[in-house]
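# A structural walkthrough
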Amino acid sequence: MMLTQKWFLISTALVAVALIVSICLLLPNARHVLESDPVWSYQCVNDRCIKTAISEESNPLSKAISLPACRLFCGPGTGLLWPQPTGPIEVGNELAHIDPEQIWFEWDENLRQLTPLWEANKERFRKQLHKKWQGVQPKPGGRSVRIKLDVQDDSLTLNYGTDESYKLTVGPGENAELLATITAKTFFGGRHGLETLSQFVQYDDLRSELQMVASLNVSDAPVFPHRGLALDTSRNFIDLESLRRTIDGMGLVKLNVFHWHITDSQSFPLVVKSRPTLHKYGAYSQREVYTAEDVRGLVQYALERGVRIIPELDAPAHVGEGWEKLDVTSCFNYQPWENYCVEPPCGQLDPTKHAVYDILEDVYREMNDMFNRSDLFHMGGDEVSIRCWNATHSIKSWMNQKNWGLQEADFMKLWNYFQTEALRRLDNTLPADGKKRPIVMWTSKLTESPYLEQYLDKDRYLIQVWTTGNDSKVANLLEKGYRLIISNYDALYLDCGFAGWVTDGSNWCAPYIGWQKVYNNDVLAIGGPYAQQILGGEAALWTEQSDSYTLDNRLWPRLSAHAERLWSNPRTGWQAAEARMLVHRERLVEEGIAANSLQPRWCLQNEGNCPIGGDGGRS
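If you look the protein up in an unreviewed UniProt entry, it shows as beta-N-acetylhexosaminidase from Anopheles atroparvus. According to its UniProt record, the protein has this under Catalytic activity (unreviewed entry): "Hydrolysis of terminal non-reducing N-acetyl-D-hexosamine residues in N-acetyl-beta-D-hexosaminides." Taken directly from UniProt, the Sequence similarities (unreviewed entry) text for the protein runs: "Belongs to the glycosyl hydrolase 20 family."

Our focus in this paragraph is the overall build of the protein. Across its full length, the protein holds 20 helices and 20 strands. Along the longest, intermediate and shortest principal axes, the C-alpha atoms of the protein span 95 × 85 × 55 Å. The buried share of the protein, reckoned over its 619 residues, is 55%. For the protein, long-range pairs separated by at least 24 residues make up 73% of all intrachain contacts whose partners lie at least 6 apart in sequence. For the protein, the exposed surface amounts to about 26900 Å²; the carbon and sulfur share of it is 52%. Where the 62 positive side-chain charges of the protein centre and where its 77 negative ones centre are 1 Å apart.

With that out of the way, let us pick up the sheet that holds strand S17 (residues 439-442). Pairing in this closed barrel of eight strands is parallel, and the strands run S11-S12-S13-S16-S17-S18-S19-S20 around the ring. Strand-to-strand twist in this sheet, taken as the mean axis angle between neighbours without regard to direction, amounts to 30°. The pairing of strand S11 (residues 226-232) with strand S12 (residues 257-261) spans five bridges and is parallel. Pairing of Leu 229 across the sheet is with Phe 258, part of S12.

What follows covers the packing of helix H8 (residues 354-370) against helix H11 (residues 408-428). Look at H8 against H11: their axes get within 8 Å of each other, and the N-to-C directions meet at 40°. Taken together, the axis directions place H8 and H11 in an arrangement best described as oblique. Read as a crossing pair, H8 and H11 show a hand that is right-handed. Here His 354, Val 356, Tyr 357, Asp 358, Leu 360, Glu 361, Tyr 364 and Asn 368 of H8 lie close against H11, whose contacting residues are Tyr 417, Phe 418, Glu 421, Ala 422, Arg 425, Leu 426 and Asn 428. A class-by-class count of the residues in the contact of H8 with H11 yields eight nonpolar, three polar and four charged.

Take the sheet that holds strand S4 (residues 95-107) next. Strand pairing in a sheet relies on backbone hydrogen bonds. The paired strands run either parallel or antiparallel. Pairing is mixed in the open sheet, where eight strands are placed in the order S3-S10-S6-S7-S5-S4-S9-S8. Looking at which strands have only one partner, the edges of the open sheet turn out to be strand S3 (89-91) and strand S8 (201-204). Across the sheet, the mean angle separating the axes of adjacent strands is 25° when strand polarity is ignored. Note: S3 against strand S10 (residues 216-220), three bridges, orientation antiparallel. Paired with Val 91 across the strands is Leu 216, a residue of S10.

Look at the UniProt record and you will see "active site" (unreviewed entry) annotated at Glu 383. Note on Glu 383: relative accessible area 33%, which makes it partly exposed. If we ignore the near neighbours within four places in the chain, the residues touching Glu 383 are Ala 317, His 318, Val 342, Gln 348 and Trp 466. Engagement of the side chain of Glu 383 in a polar contact is seen with the side chain of His 318, the distance being 2.8 Å.

Here Asp 108 is to be found in the loop between S4 and helix H3 (115-131). Spatially, the C-alpha atom of Asp 108 lies 20 Å from that of Thr 162, the residues being 54 residues apart in sequence.

Following the criterion strictly, the structure yields 25 aromatic pairs and no others. Put simply, the rings of Trp 442, Trp 466, Tyr 489, Tyr 493, Trp 508 and Trp 542 pair up and form one aromatic cluster. In this structure, Lys 51 is placed above the aromatic ring of Trp 40, and the distance from its NZ or CZ to the ring centre is 4.6 Å. A cation over an aromatic ring shows up here: Lys 254 above the ring of Trp 567, its NZ or CZ 5.8 Å from the ring centre.

Thresholds, definitions, all that
- Residues numbered from 1 in each chain as written.
- Predicted model: local features only at pLDDT ≥ 70, side-chain atom pairs only at ≥ 80, totals over all residues.
- Heavy atoms only, no water.
- UniProt positions renumbered as here; feature names shortened; annotations may be inferred.
- Helix = DSSP H or I, 4+ residues; strand = E, 2+ residues; numbered from the N terminus.
- Buried < 20%, exposed > 50% of the residue type's maximum accessible area, 1.4 Å probe, protein only.
- Contact = heavy atoms within 4.5 Å.
- Areas by Shrake-Rupley, 256 points an atom, 1.4 Å probe, with all protein chains shown as cover.
- Lys, Arg positive; Asp, Glu negative; His and termini not counted.
- Charge placed at Lys NZ, Arg CZ, Asp CG, Glu CD.
- Pairing = 2+ DSSP bridges.
- Axes fitted to C-alpha atoms, helices over the stretch in contact; angles between N-to-C directions.
- Parallel < 35°, antiparallel > 145°, perpendicular 65-115°, else oblique.
- Left-handed = near helix turned anticlockwise from the far one by under 90°.
- Nonpolar A, V, L, I, M, F, W, Y, C, P; charged D, E, K, R; others polar.
- Polar contact = N/O pair within 3.5 Å; in protein donor to acceptor, adjacent residues only side chain to side chain.
- Phe/Tyr/Trp six-rings, centres within 6.5 Å; stacked < 30°, edge-to-face > 60°.
- Lys NZ or Arg CZ within 6 Å of the ring centre and 35° of its normal.

Written as structure tokens, this is what we have:
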């Protein structure tokens, strides 16, 4: 009995092994079925890529062109690029098979400050190439590529005077190499050129090989110096991995400002060692915080991708959790909240308490250190409620002692009292070199006449506009000589159009803003005759209804539309960009960014058939 059972087990095992071997032997054949000979090619007809069946008689495989290759050569030569270059571009008609393992970089070793940044970008570039053939094995071999980074200046200052232009050429090098030369005055321009080069590399699924253009000339420079995203990490916490992924996407489309709205009334996730009460009581949990090391690491990560991080400490409104434990707030979590603020919980700093300014100075000092003394600081100034201060007995008593009234103008005087002292404390934390750091503030009652002229020095303050683009208040700011950053909510608030969270129906700024409206938001037109005072713009995502899990599809690819508007300021509308946008969305996904889909994939493969009228936007 035992012997029989033993032989049965051995026989069963042998059958299982044989079955596994048979499956393994069949797998190549099964894969061959999945990877059967391609049947579709593309032809450029009237600047469109038209899908055409491969036929040995009329369109043989040897002459077939993949969709990415067709996009590259069909039309004005920018079919794969996002954002569109501003200068002339010349693309040859040849693609070269390249070896991704034979990519070499050269840069001036004497510019030692740049070496760590180029090393980081070298690895980023190589990873970008490897992502282009995910799930398949490309054909081995191909030409090697040498990338020469010719940058003149080792300065790492990114501000409104930084030259971000570049020139990119590709041609034959020595020993059958391809030589790509990127010439720029600064690291930031050189990095942008490398980003553009990566978009001229594509995986040809017809021939299973990585290809790069063999001849290329591009001259490029941005139209606006301030090209940004304002992201709130207080209403809901956004983890560091998601922030890094967002900055990766920003580098991909040449956005250069990450405006970090790091705290608000709902939470205070920033660890300030000198004032630990703020995060201990203010963070949602002690796992949902940003330490100084976290911030410094993100600042460096952003720098490598050509992005500067501008911190915001919104005050005197939009404060609450964490602050309340320090006994320096008024109307914290008052009910009914709608009588005192625009969303719960309410909370404002009490300008009459001297302790407020001591706390602010400590916070400013540590933030300056974390953010490497960012050349801009955002002091917020958003949605200050007179009702809140007017509901605080101690504030009214303090104002009466100064023989102030309790009218709007008196509370504006109180606000200016706060802003003046807060700014003095911020300046205390900066080097005593005589340089006054520019300050950004949101549009508010304080930025309207007559308070604007009384209290805000146009040489010191930049105003970030969140009203509608055609608001008369914008024209008033421009006429008074103020420089503006445009974030008009009717085109650049990416949280609009979802269900209301404090009421029924849709949220306050509905409807949802599609990429088309973002793309067509011409900030120069908003400036009109004062367009030279427009520094650029920021799309904004307030996170009452977003977090790390929904971040990507809230931002992308709408943020890409914003990026092209600010880099290129195209004179054509979104229709002319639609085919490139569909290709670009695929690139975002390839990079690991969960960008929203825009149309059925059929539209990507059948250009010009989906827009109304079927003209592809080229009428």
